[in-house]
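Spelled out from the first residue to the last, the chains are:
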Amino acid sequence: MKTLGNLTLQKNVIILNDESVNAISTHNDGEITFSRMTPQTDSISVGTVIVGTKIEGDQVSTILSKVSSVSKLNNQFTVQTSSAKLEEFIYSGTLSGVYDPSGKAPVNIDGRM
């Protein structure tokens, strides 16, 4: 099984490398189009969970998506996706972090903070 840090990933996960991320020409509304094929895109099929980060200027797009359909036209490769759940990405392991609510609006539940 693949690992990422101390996480063991599900079998159908592909973490997009720089070559594949750089091949992404559009990413919006659950559709990702690759302008060219890469060794990784050849492995993407329905049910694959794809993960990656694309940075363009000051825009950061994080991808954690499950592929629902695949189409190839000429040298372009387009996948339709839906949001993936963490359990579809992670097989086992521990995630930890710190949440700092400062600067955030207080949460009201039934009129109470």
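Look a little higher up for the structure.
Keep in mind that this is a model prediction, so the values were computed, not measured. (Residues numbered from 1 in each chain as written. Predicted model: local features only at pLDDT ≥ 70, side-chain atom pairs only at ≥ 80, totals over all residues. Heavy atoms only, no water.)

## Some details on the packing of aromatic side chains
Here is step 1: Following the criterion strictly, the structure yields one aromatic pair and no others.
Here is step 2: Ring plane angle 45° and centroid distance 5.9 Å describe the contact between F34 and F77, whose orientation is recorded as tilted. One end of the pair, F34, is in strand β5 (residues 31-34); the other, F77, is in strand β8 (residues 76-83), with 43 residues separating them in the sequence.
Here is step 3: Exposure remark for F77: the relative accessible area of 0% places this residue in the buried category. (Phe/Tyr/Trp six-rings, centres within 6.5 Å; stacked < 30°, edge-to-face > 60°. Helix = DSSP H or I, 4+ residues; strand = E, 2+ residues; numbered from the N terminus. Buried < 20%, exposed > 50% of the residue type's maximum accessible area, 1.4 Å probe, protein only.)

## Some thoughts on unusual backbone geometry
Here is step 1: In this structure, D29 takes a positive phi of about 45° despite not being glycine.
Here is step 2: Of note, D29 is situated in the loop between β4 (24-28) and β5.
Here is step 3: Although it is not a glycine, N74 sits at a positive phi angle of roughly 55°.
Here is step 4: Following the sequence through the fold, N74 ends up in the loop between β7 (59-73) and β8.
Here is step 5: We classify N74 as exposed; its relative accessible area is 78%.

## A word on the pairing of β8
Here is step 1: Looking at chain direction, β5 and β8 are connected through four bridges and run antiparallel. By the bridge assignment, F34 is partnered in β8 with F77.
Here is step 2: Direction of pairing for β7 relative to β8: antiparallel, over a ladder of eight bridges. Across the sheet, S71 pairs through a bridge with T78, a residue of β8.
Here is step 3: Following β7, the chain reverses through two residues before pairing antiparallel with β8; N74 in that reversal takes a positive phi of roughly 55°. (Pairing = 2+ DSSP bridges.)

## Here's the deal with the side chain of T78
Here is step 1: Counting through the fold element by element, T78 comes out in strand β8.
Here is step 2: A relative accessible area of 15% means that T78 is categorised as buried.
Here is step 3: Of note is the side chain of T78, whose polar atom sits 3.3 Å from the side chain of T33. (Polar contact = N/O pair within 3.5 Å; in protein donor to acceptor, adjacent residues only side chain to side chain.)

## Some remarks on the nonpolar core
Here is step 1: In terms of nonpolar packing, the biggest core is built from 13 residues, with L16, I32, F34, I44, I50 and V79 touching the most fellow members.
Here is step 2: Within the residue set of this core, elements represented by two or more residues are β5, β7 and β8.
Here is step 3: Discounting chain neighbours no more than four positions away, the residues touching I32 are I24, T26, H27, I50, I63, F77, T78, V79 and T81.
Here is step 4: Counting residues in each nonpolar core, the second largest holds eight residues, with L7, V51, F89 and I90 among its members. (Core = buried A, V, L, I, M, F, W, Y, C linked by side-chain atoms within 4.5 Å. Contact = heavy atoms within 4.5 Å.)

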